[in-house]
Structure formats: structure tokens, C-alpha cells
There are 2 protein chains.
Amino acid sequence: MTTISVVLVDDHTVVRSGLKALLGTQGDIAVVGEAASGEEALEAAQRHAPDVVLMDLAMGTGMDGIEAIKRLRQSTPKQAIIVFTTYDSDADIVRAVDAGAMGYLLKDAAPEEIFAAVRGAVQGKSVMSAPVASRLFQQLRNPDEILTPREAELLSLLTQGLSNRDLGKRLFISEATVKTHLAHIYAKLGVETRAAAIATAIRREGMR
Amino acid sequence: MTTISVVLVDDHTVVRSGLKALLGTQGDIAVVGEAASGEEALEAAQRHAPDVVLMDLAMGTGMDGIEAIKRLRQSTPKQAIIVFTTYDSDADIVRAVDAGAMGYLLKDAAPEEIFAAVRGAVQGKSVMSAPVASRLFQQLRNPDEILTPREAELLSLLTQGLSNRDLGKRLFISEATVKTHLAHIYAKLGVETRAAAIATAIRREGMR
DNA sequence: AGCTGTATCAGCCAAAAGGTGGAGAGACCA
DNA sequence: TGGTCTCTCCACCTTTTGGCTGATACAGCT
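Residues numbered from 1 in each chain as written. Chains lettered and ligands numbered in written order. Predicted model: local features only at pLDDT ≥ 70, side-chain atom pairs only at ≥ 80, totals over all residues. Heavy atoms only, no water.

Caption draft 1: Molecular detail of the protein's contact with DNA strand D. Lining the immediate surroundings of DNA strand D are 18 residues, of which A:Lys179, A:Tyr186, A:Arg194, B:Thr148 and B:Ser174 lie closest. A distance of 2.8 Å separates a phosphate oxygen of DNA strand D from a polar atom in the side chain of A:Arg165. Put simply, the parts of the chain that give the surface near DNA strand D at least two residues each are helix H8 (164-171) and helix H9 (175-189) of chain A together with helix H7 (149-158) and helix H9 (175-189) of chain B. At four residues, the largest contribution of residues to the surface near DNA strand D is made by H9(B). Of the residues contributing to the surface near DNA strand D, the split by class is five nonpolar, eight polar and five charged. (Near = heavy atom within 4 Å. Polar contact = N/O pair within 3.5 Å; in protein donor to acceptor, adjacent residues only side chain to side chain. Helix = DSSP H or I, 4+ residues; strand = E, 2+ residues; numbered from the N terminus. Nonpolar A, V, L, I, M, F, W, Y, C, P; charged D, E, K, R; others polar.)

Caption draft 2: Local environment of the sheet that holds strand S1 (residues 4-9) of chain A. Residue and element names in this part refer to chain A. If you walk across this open sheet you meet the five strands as S2-S1-S3-S4-S5, and the pairing is parallel. Each end of this open sheet is capped by a strand with a single partner; those strands are strand S2 (29-35) and strand S5 (103-106). Strand after strand, the sheet turns through a mean of 25° between neighbouring axes, direction not considered. As paired elements, S1 and strand S3 (residues 52-55) share four bridges and run parallel to each other. When the bridges of S3 are listed, Val9 appears paired with Met55. Against the sheet, helix H1 (residues 13-24) makes contact with S1, S2, S3 and strand S4 (80-85), and its axis sits at roughly 165° relative to S2, the strand it touches most. The strands touched by helix H3 (residues 65-75) within the sheet are S3 and S4, with S3 carrying the most contacts at an inclination of about 170°. (Pairing = 2+ DSSP bridges. Axes fitted to C-alpha atoms, helices over the stretch in contact; angles between N-to-C directions. Contact = heavy atoms within 4.5 Å.)

Caption draft 3: Up close: the sheet that holds strand S5 (residues 103-106) of chain B. Residue and element names in this part refer to chain B. Spatial ordering of the open sheet is given by S2-S1-S3-S4-S5, a layout of five strands whose pairing is parallel. The two strands at the open ends of the sheet, each matched to only one other strand, are strand S2 (29-35) and S5. Geometrically, the sheet is characterised by an average inter-axis angle of 25° between neighbouring strands, direction not taken into account. When strand S1 (residues 4-9) meets S2, the two strands line up parallel, connected through six bridges. Looking at S2, one finds that Leu8 is bridged to Glu34. Contacts from helix H1 (residues 13-24) reach S1, S2, strand S3 (52-55) and strand S4 (80-85), with the element oriented near 165° to S2.

Caption draft 4: Molecular detail of helix H2 (residues 38-48) of chain A. Residue and element names in this part refer to chain A. Among all positions of H2, only Gly38, Ala41, Leu42, Ala44 and Ala45 are buried. Residues of H2 that are buried sit in contact with S1, S2 and H3. With its phi angle positive at about 45°, Ala49 sits one or two positions after the end of H2. (Buried < 20%, exposed > 50% of the residue type's maximum accessible area, 1.4 Å probe, protein only.)

Caption draft 5: Focus on the packing of helix H2 (residues 38-48) of chain B against helix H3 (residues 65-75) of chain B. Residues and elements named next belong to chain B. Their axes nearest at 10 Å, the elements H2 and H3 cross at an angle of 20°. Between H2 and H3, the angle is such that the two are roughly parallel. With respect to the hand of their crossing, H2 and H3 are arranged in right-handed fashion. Contacts between H2 and H3 involve Gly38, Ala41, Leu42, Ala45 and Gln46 from the first element and Ala68, Arg71, Leu72 and Ser75 from the second. (Parallel < 35°, antiparallel > 145°, perpendicular 65-115°, else oblique. Left-handed = near helix turned anticlockwise from the far one by under 90°.)

Caption draft 6: The arrangement of the interface of chain A and chain B in detail. Residue-level contacts link 31 residues of chain A with 31 residues of chain B. In total, chain A and chain B occlude about 2,400 Å² of area from one another, counting both sides; carbon and sulfur atoms represent 67% of this. Remark: the boundary between chain A and chain B carries zero salt bridges. If you look at where chain A meets chain B, you find two residue pairs in polar contact (both at pLDDT 80 or more). Elements supplying a minimum of two residues to the side of chain A that touches chain B: H1, helix H5 (111-122) and helix H10 (194-204) of chain A. If you tally residues by element for the side of chain A that touches chain B, the top one is H1(A), at eight residues. Here the residues of the side of chain A that touches chain B sort into 16 nonpolar, nine polar and six charged. (Buried area = accessible area lost by both parts, 1.4 Å probe. Salt bridge = Lys/Arg side-chain N within 4 Å of Asp/Glu carboxyl O.)

Caption draft 7: Here's a closer look at the pattern of salt bridges. All names here are of chain A. For the coordinates displayed, the defined rule picks out 22 salt bridges over all chains. Here Asp56 ties to Lys107 by a salt bridge, and the two come within 3.1 Å at their closest N and O atoms. Of the two residues, Asp56 sits in the loop between S3 and H3 while Lys107 sits in the loop between S5 and H5, which places them 51 residues apart along the sequence. Of the two residues examined, Asp56 and Lys107, each falls in the buried class. Through salt bridges with shared partners, a single ionic network connects Asp10, Asp56 and Lys107.

Caption draft 8: Focus on the protein's contact with DNA strand C. Around DNA strand C there are 17 residues in total, and A:Thr148, A:Ser174, B:Arg165, B:Lys179 and B:Arg194 lie nearest to it. Here a phosphate oxygen of DNA strand C sits 2.8 Å away from a polar atom, N or O, in the side chain of A:His181. Breaking the surface near DNA strand C down by element, the ones donating at least two residues are helix H7 (149-158) and H9 of chain A together with helix H8 (164-171) and H9 of chain B. Counting residues per element, the surface near DNA strand C draws most heavily on H9(A), which supplies four residues.

Caption draft 9: Structural detail: unusual backbone geometry. Unusually for a residue other than glycine, A:Ala49 sits at a positive phi of about 45°. Topologically, A:Ala49 is positioned in the loop between H2 and S3.

Rendered as C-alpha cells:
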């Protein structure tokens, strides 16, 4: 059994430290490098040539996690990338997988789940937290929940706090049409009010 | 010099582990207990009687951090509570300080900052991360825009998409009172509708 | 040619939200 | 003690939003 080398990418010192401590308890996993930003991540991945990169999506400044994943796939395509983040935003999941992530863990994952993900990743298995998997599953099963371009446009304006009247003016459509679109959006998002739709959109769909 | 005993409260195993590893490097600080929820926090604080409680505000389920702070102040008033959380939301800061928190750190704080906060807390000093301090400072300059603790609480629930009726039920107040609070919140945030208030709160205040 | 999905609009009604003005109770402080 | 702040509540009224049903038009696909 060979040792699995890992590079950690997270702008929070505490989280890196915690991962290091947890992974350190496992004989077959060794943390060989750390990075606090997307830029550093590229550098560290080059230098340490790890088997696995564990990466947060939200980096305070500079390059974000998604961008870092894309570049890592180009510069060091053999490394398995596992996303390790706080929120299970639909948009982030899709984007991360699209960018080439092998796994998607949430920060409240149990240590065993993290170990399993790291071990699985080097074997080409993709591991994700249960809530993440269920979201992906739901999206595949329910194409009904995908917003049409027009609906997405409207939702985007909605999250800026516009009234139905304003939405109509902005999009050059009648208030009646705005209401129709809204009803569809609510149904697709699984909410009943505009307030909940805004909250859902900004948080879950990564709109801001 | 006596050793400072600390209890950690965070629903993320990784974060607890990280704090433990970091604090463990300091000879005068010892982690004596951990908790993954508000309920566990009360229990751990009773049992271990620590000098300091380091606590996240966002706990997955059950009691939230603010509520836990309030109860801790009642059950074990001598312990200093330091909030250790991800976002610097105005509303959360106000509510946490109001509930009796001694310090307010962000998770991207440097280890030295954390050590200093723990040491300061036992001496009755309140320590907060620079971004947090600047927010408070800004609020002091514009007293008209400061949300009262109750308003902050309401706004926090508002960003979850609740209706006036639901807000009333949740806070044990009438719908009339909810409307009064909302009117004040709108005025302070400089918006006219609940939709705009939510958008402003989530984006500008970093709430989620 | 028919089906499906998208985008547009209407009218009606009920529910929710917002605006205005007023008011009492308790805390805190000068 | 008087002033200020906060939290609570009420009534009345207007505006906005949401639920429902139904309709037309166009594009793409089979």
C-alpha cells in the first residue's frame, strides 16, 4: 500500500489545520502541502505533485475555487480534485463537476467520509456527501426544475428587489406576464413567496 | 501563569479539530471539551467549567449560536464567550454582542489573532477581527442605521423567506408588531420593500 | 400536421404586505 | 423626574402579490 499524498487548499488556517490533524491520523494519507488561495494552489500542486487536492470553493480574494480547478486540470491533469466546502449550492456543484472535480464534500462531513473520499479519488471513484448527491440526483430526475432563460433573467432581477411593475418595465412585458413567469419560478424552486424565492436564489443558486 | 481552559463549539468536525491543533501548540491554553451543537455546548460548559467558550454561530440543526450564548450567560455567567464564525454580518454581530459575547472572530483569522482573543477574554478584554471592528465602528458613526437586536433578529429570519405571520409566530409577537419592526428595518436599510430588504441583507450584510 | 416548450397577455379574487398615526410599558440615563 | 429608546400592539386603508383559469403565438421536433 502506497501513501496517498494530499495538498490542502483553503483560505482558513483553522480548516487546513483541522484537515491536517484528521488526515494525519491515517497511516496511508500524508499532507504534503498547503495553500491559502487559488494562485498558491497551482504553485503547490506543481511543486508537490500530490495524488489528491482537497479544495475549498470560496477563497477570500483572487481566483475562486472553480477557476483554480479548471487550471489544475490543465496544468496537472493526473491529480484528483475533491471539493471541500460549506454550502451545497446547486450552481456550485454543477460548475465544480463541470470544471473537473472528482468529489464534493461538505464541511460538516464526518472524518470517515473525508478519508473515504481521498482514498476513492486516487482510484478514480467520485465520492460526494449525501446532500450533494441527492441534489444532483434530483436535478437529473427533475428536468422540470430547470429555469428557462427568460425565467432566469427575471429571477436575477427579482433578487435585486424589484416589484412586479418594475420587472415588467425592465423586461418590456406586461405585469401579467411577470406574474406568470413568477408562478413558474416559484413552482420550480419549490417556494411559495417571492421572499423565499429571493432567499433561495441568492443562497442556493449562487446568484449575487 | 495558569492554564486557560477552552471548550469548542462547532458543528464541523474539521474546524474543531483545527482549533484543537492550533490551540494545542500554545502552552497556556488547553482544550478541555468539544460540542457540535448548542445543546451539547450547554452540557459541556457545565461539565468542564472552562474559562472560555469558542463558538460558531451557525449550527446545522437545533439551537443556533445566539440562543446558545444567551443560555450560557445564564447558566455559567463567568465563562467568556468568543464567537468564531465565517461571516461578518452586521445583524449577527449586534445580536451576538447583545447576547453577551466577549469577542467576535472570523474563521479566516490568523492563529495569533485567535490566541490573543482567548487570552484577552479571560482578562475581560473583548477582541474582534478587523473587519468586524470596522463594521461596528461604521455603525457607531451612523446611529440612524443601527438595527436594534430585535430588528436584527427579525431581519435574520426575514432573509429565510418567512411571511409576516410566520415571523410573528416564530418571535411570539403579533403581526402588527412584525409590521412595525419591518417598517423600521426598511427605513434603516434604505429600502421600500421586503424583497429589497432581503437582497440588501444577504448581499451587503453577508447573511446566509 | 401535430406535439411540446416557451413567451406573451387577461381577468378575477383572496391574501399578504405596506403606509399612517397613535399608544402603552419597561429600561436606561442624565 | 423627565427624556429617550425599545418593544409591543391596534385600526384603517391602499397597494402588491399570489392562485386560478384560460388564451394566443411562435419555434423546433417528429
